[in-house]
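Spelled out, the chains give:
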Amino acid sequence: MKNILLTTLISAGCVSAFAQSKPNKIDDYYRIITIPVPENIKMEVGGMQVLPDGRLATSTRRGEVWLIGNPYLKGDGKPSFHRFAQGLHEPLGLYYRGKDFLVSQRGEVTRLEDTDNDGVADVYDSFTRWPLSGNYHQYSYGPVAMPNGEMLVTLNLDWVGRGASQSKWRGWMLKLGQDGKLTPWATGLRSPSGFGSYKGDIFYTENQGDWVGSGRMTHLEKGDFAGNPAGLRWSKEEGSPVKLTPEDVPSTGEPLYDVAKKVPGLKPPAVWFPHTLVGISTSDFKEDVTNGAFGPFTGQMFVGDQGHSIITRVDLEKVNGVWQGTVFPFREGFMSGILRLEWGLDGSLFVGQTSRGWSATGKEEFGIQRLVWTGKMPFEMKTVRSTPDGFEITFTSPVDKKTAADQDSYKMNSFTYRYHRTYGSPIINTQEVPLKGIIVSEDGLRVRLVVDPAALRKGYIHEIKTEGVKSPDGNNLLHTTAYYTLNEIAGGQAANASQFTTTVKAPAADHSAHTMPATGETAANTAASAKRVTEMPASWTNGPDQVITIGTVPGLKFDISEIQVKAGSKIKVVFNNNDDMLHNLVITKPGTVTAVGEAGLNLGLKGTELNYVPRTNDVLFHTNIVEPEKSESIYFVAPKQPGTYQYVCTFPGHYTLMQGKLKVVK
Ligand SMILES: [Cu+2]
């Protein structure tokens, strides 16, 4: 069940392509190995590092530091667990310096040392500290070491129904010297749990929220402002390299890339992780420095996702001095929410996990797993690169030239998000990117997709689907979607039509009919609105017969699990979203809740526009997506047929947990 769900999620609606393929399972290439944790240890991983002697050190949300022996499960296959420190306040980062550890606590970085060599820390020194407001959302991350010996910490914003910086340097990345001195580096951060260096530059990952339309990864140079203005409150403080003030940042709803043209210092992301299409909450990332021990992706990045329990793959390139590139789905099916990634000494990847009291697709409360390459070459898109007139895809092994030259093997769209104070953003400005020509290389390793340069849009995510491309022995690609964030268009030689392997026939007319059918969709939305009546019908002169209030609570739950109504009675449902993420409320026919939830998952690019409510007769009534701290009321007449109906949140990834029963009685 879980595997089916996740495969569907990753392929984002291309299930049929998978169904026709020969069996080609990710397990054959990348295997997940679970490290067994004794029952009495709550290993909610917040920080993780591999020690030079092969042991794995972790810090946990419960305030402990553990040293795990034999994490590779050699010999008798049993790991050992040794508690090195305890009593810390939610340490979400850990760094081993040879003779001591630095760990983040909420309010400081603490130095831990074992001076009497009994294997337990006896020194707990305050290395550096910062003020706290007491807000639950003031997570503190790091230190993360840079190749030049410098260290970085980041401080999460408070959550007060929106992001806020209630104490100094919240929303900032700071450099941390070996002397404990903190130097502000950049701000605009909201929830920066993943950061570090990539090819010498500093990057961090961000989660959807207010001012953040979708997950993203941003290159942070000194003085950059990454988008959430709460931290700008401190930009006038001594030592701040940031010049912007909160008043400089307009909430217009234009794409961030366009606003950045008018607001110097605002930094567009290097890549977007389209929300629900490739994860919902990006976390740690690691550059592949394994020289091939982890497969064919050396030099690329692997990125964790907390909410969807997946790892994605990011391939960056620098075009005109600006970082940009592609997000690919990579591996799903981890046991809990992924927070930390670390390379093992053998080039495998340790995956530190915690649900953190929220919830994740992987249902366990916590876990440590190791992802191992089996040595078999996965058939994947390896890179996607910008060209003056489109994109060039490189594959990990040669393609079948016939399917690779077939125009129906590909589909391209571009879209973006709003930059505004609101929580999240729908997908906006979706446009098809029609193909003009295809050039398949002689060796079958590269395919150039040529489009009209006017169809390329800077600042937009270009979704590239390659569902029809097969290997010479008839296998499909393991993953058939790439999301390329196009900040700059590469220079070089435009393709000449004489080079085309395939010249695409009748591009616009034929394709637009079955790709993003704006007109058909709109009609369907109007029809669906009968299921969402937000004003009390005029005929209800005595008001509703029953008013039901349903709220949300953290951990993907409604605050009531069962409601009872009389058949045919007039009902008002008040849906209050008290949680800090997006939810809806969808009432379904008996026995259809799973099908409706899965259909919501499979809406792909259309999802946000439809509020993740699939157009099916199984949906009786629904709200739209409701932002945190907002409310929506709907009015309907309860079904005449008694029975157990259900209500569910169809926001992708929520439906397996967010369900309740609507009992209709006579
Ligand atoms: Cu939900």
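All figures in this text were calculated on a predicted structure; none of them were measured in a lab. Within any chain, residue numbers begin from 1 and follow the written order of that chain's sequence. This being a predicted model, a pLDDT of at least 70 is required before a residue's local features are given, and a value of 80 or more before pairs of side-chain atoms are given or counted; all residues contribute to the totals for chains, interfaces and linings. Side-chain measures here rest on the full set of heavy atoms in the structure, leaving out hydrogens and waters.

### So, the coordination of the copper ion
Link 1 in the chain: Note on the copper ion: its protein donors are His583 (ND1), Cys649 (SG), His654 (ND1) and Met658 (SD). The metal-donor distances range over 2.0 to 2.8 Å.
Link 2 in the chain: Water is not among the atoms examined, so metal sites may look incomplete; donors are the N, O and S atoms within 2.8 Å of the metal, or within 3.2 Å for Na, K and Ca. All geometry calls rest on donor angles, where a four-donor set with angles between 85 and 135 degrees is tetrahedral, four- and six-donor sets with opposite donors more than 155 degrees apart and all others between 65 and 115 are square planar and octahedral, and all else is irregular. Between the 4 donor atoms coordinating the copper ion, the angles at the centre fall across 80 to 133 degrees, so the site counts as irregular.
Link 3 in the chain: When the donors of the copper ion are listed by position in the chain, the intervening gaps give H-x65-C-x4-H-x3-M.

### Points about the pattern of salt bridges
Link 1 in the chain: Salt bridges are defined as contacts in which a side-chain nitrogen from Lys or Arg sits within 4 Å of a carboxyl oxygen from Asp or Glu. Per the stated rule, a full pass over the model turns up 35 salt bridges.
Link 2 in the chain: Two residues, Arg106 and Glu90, come together in a salt bridge whose shortest N-O distance is 2.5 Å. Taken together, the positions of Arg106 in the loop between strand 7 (101-104) and strand 8 (108-113) and Glu90 in the loop between strand 5 (80-85) and strand 6 (94-96) put the pair 16 residues apart, joining distant regions of the chain. We note that Arg106, like Glu90, is buried. Segments assigned H or I by DSSP are reported as helices when at least four residues long, segments assigned E as strands when at least two residues long, and all are numbered from the N terminus. Relative accessibility thresholds used throughout: buried, under 20% of the residue-type maximum; exposed, over 50%; partly exposed, between the two (1.4 Å probe, protein chains only).

### Here we look at the nonpolar core
Link 1 in the chain: The criterion is simple. A nonpolar core is a set of buried Ala, Val, Leu, Ile, Met, Phe, Trp, Tyr and Cys residues joined through side-chain atoms within 4.5 Å. Ile550, Phe558, Val573, Tyr647 and Leu662 are the most contacted members of the largest nonpolar core, which has 29 residues in total.
Link 2 in the chain: Contributions of two or more residues to this core are made by strand 36 (546-553), strand 38 (562-566), strand 39 (570-576), strand 41 (619-622), strand 42 (631-637), strand 43 (643-648) and strand 44 (659-665).
Link 3 in the chain: With 3 residues, the single largest contributor to this core is strand 39.
Link 4 in the chain: Here, residues are in contact when the closest pair of their heavy atoms is within 4.5 Å. When near neighbours in sequence (up to four residues on either side) are disregarded, Ile550 contacts Phe558, Asp559, Ile560, Ile563, Val573, Val574, Phe575, Asn576, Leu585 and Tyr647.
Link 5 in the chain: Core analysis: the second largest hydrophobic core is formed by 28 residues, Met381, Ala405, Val433 and Ile464 among them.

### As for the environment of Pro241
Link 1 in the chain: Relative to the elements of secondary structure, Pro241 occurs in the loop between strand 18 (215-219) and helix 3 (256-262).
Link 2 in the chain: Spatially, the C-alpha atoms of Pro241 and Asp224 are 8.1 Å apart, while their sequence positions differ by 17 residues.
Link 3 in the chain: Sequence-distant contacts of Pro241, that is, excluding residues within four places in its chain, are made with Trp172, Pro184, Trp185, Lys222 and Gly223.

### What to know about empty space enclosed by the protein
Link 1 in the chain: Here a cavity is any set of points on a 1 Å grid over the protein atoms alone where a 1.4 Å probe fits but cannot get out, and a pocket is any open set with protein on both sides within 12 Å along at least 5 of 7 lines; a residue lines the site when it has an atom within 4 Å of a point. Grid points are joined across faces, edges and corners, and a volume is the space filled by probe spheres set on the points. For the structure on display, the rule yields 6 cavities of 30 Å³ or more.
Link 2 in the chain: In this model, the largest cavity occupies a volume close to 570 Å³.
Link 3 in the chain: Looking at the largest cavity, it is lined by 35 residues, and the ones nearest its centre are Asn207, Ser281, Gln306, Trp358 and Met581.
Link 4 in the chain: Here the lining of the largest cavity is composed, by residue class, of 14 nonpolar, 17 polar and 4 charged. Residues are sorted three ways: Asp, Glu, Lys and Arg are charged, Ala, Val, Leu, Ile, Met, Phe, Trp, Tyr, Cys and Pro are nonpolar, and all the rest, Gly among them, are polar.

### Focus on the domain arrangement of the chain
Link 1 in the chain: Delimitation of the domains relies on an automatic or database domain assignment. The domain boundaries assigned to the chain delineate domain 1 (22-373), domain 2 (381-503) and domain 3 (529-665).
Link 2 in the chain: Relative to domain 2, the C-alpha centre of domain 1 lies at a distance of 30 Å.
Link 3 in the chain: Each partner contributes to the interface: domain 1 provides 56 residues, whereas domain 2 provides 42 residues.
Link 4 in the chain: For any pair of parts, buried area is found by adding up, for both, the accessible area (1.4 Å probe) each one loses once the two are put together. Summed over both sides, the interface of domain 1 with domain 2 buries roughly 3800 Å², with 54% coming from carbon and sulfur.
Link 5 in the chain: The largest contributions to the domain 1 side of the interface with domain 2 come from Trp211, Tyr257 and Trp272, which together make up 16% of the buried area.
Link 6 in the chain: Counting the contacts that link domain 1 with domain 2 gives 1 salt bridge.
Link 7 in the chain: A salt bridge links Asp315 to Arg385; its shortest N-O distance comes to 3.0 Å.
Link 8 in the chain: Nitrogen and oxygen atoms within 3.5 Å of one another constitute a polar contact, given that in protein one can donate a hydrogen and the other can accept it, and given that sequence-neighbouring residues count only through two side-chain atoms. Summed over the shared surface of domain 1 and domain 2, the number is 27 residue pairs in polar contact (both at pLDDT 80 or more).
Link 9 in the chain: The set of elements that each furnish at least two residues to the side of domain 1 that touches domain 2 consists of helix 3, strand 19 (271-273), strand 22 (310-319) and strand 23 (322-331).
Link 10 in the chain: With 9 residues, the top contributor of residues to the side of domain 1 that touches domain 2 is strand 23.

### Observations regarding the packing of aromatic side chains
Link 1 in the chain: The pairing test for Phe, Tyr and Trp rings, Trp by its six-membered ring, is centres within 6.5 Å, and the orientation test on the planes gives stacked under 30 degrees, edge-to-face over 60, and tilted for anything in between. Under the counting rule described, the total for this entry stands at 29 aromatic pairs.
Link 2 in the chain: Taking the centre distance of 5.1 Å and the plane angle of 50 degrees together, the rings of Tyr30 and Phe294 count as tilted. One end of the pair, Tyr30, is in strand 1 (residues 30-34); the other, Phe294, is in the loop between strand 20 (282-287) and strand 21 (301-305), with 264 residues separating them in the sequence.
Link 3 in the chain: Note on Phe294: relative accessible area 0%, which makes it buried.
Link 4 in the chain: With a centroid separation of 5.3 Å and 65 degrees between ring planes, the pair formed by Phe558 and Tyr647 is classed as edge-to-face. Of this pair, Phe558 sits in strand 37 (residues 557-558) while Tyr647 sits in strand 43, and the two are 89 residues apart along the sequence. Of the two residues, Phe558 and Tyr647, both sit in the buried class.
Link 5 in the chain: Cluster of aromatic residues (ring-pair linked, three or more members): Tyr30, Phe294, Phe297, Phe302, Phe330 and Trp343.
Link 6 in the chain: Remark: a charge is flagged as sitting over a ring if the NZ atom of Lys or the CZ atom of Arg is within 6 Å of the ring centre and within 35 degrees of the ring normal. Note that Lys74 overlies the ring of Tyr72, its terminal NZ or CZ placed 5.3 Å from the centroid.
Link 7 in the chain: The ring of Phe328 is capped by Arg313, whose NZ or CZ atom sits 4.1 Å from the centre of that ring.

### Brief notes about the side chain of Asp288
Link 1 in the chain: When you line up the elements, Asp288 lands in the loop between strand 20 and strand 21.
Link 2 in the chain: It is Arg313 that comes nearest to the buried, bridge-free Asp288 among opposite-charge side chains, at 8.6 Å.
Link 3 in the chain: For Asp288, the side chain forms a polar contact with the side chain of Thr290, separated by 2.6 Å.
Link 4 in the chain: Beyond its immediate stretch of four places on either side in the chain, Asp288 contacts Phe294, Phe297, Thr298, Gly299, Gln300, Phe302 and Trp343. Neither His nor the chain ends contribute to the count of charged residues, in which Lys and Arg are positive and Asp and Glu negative.

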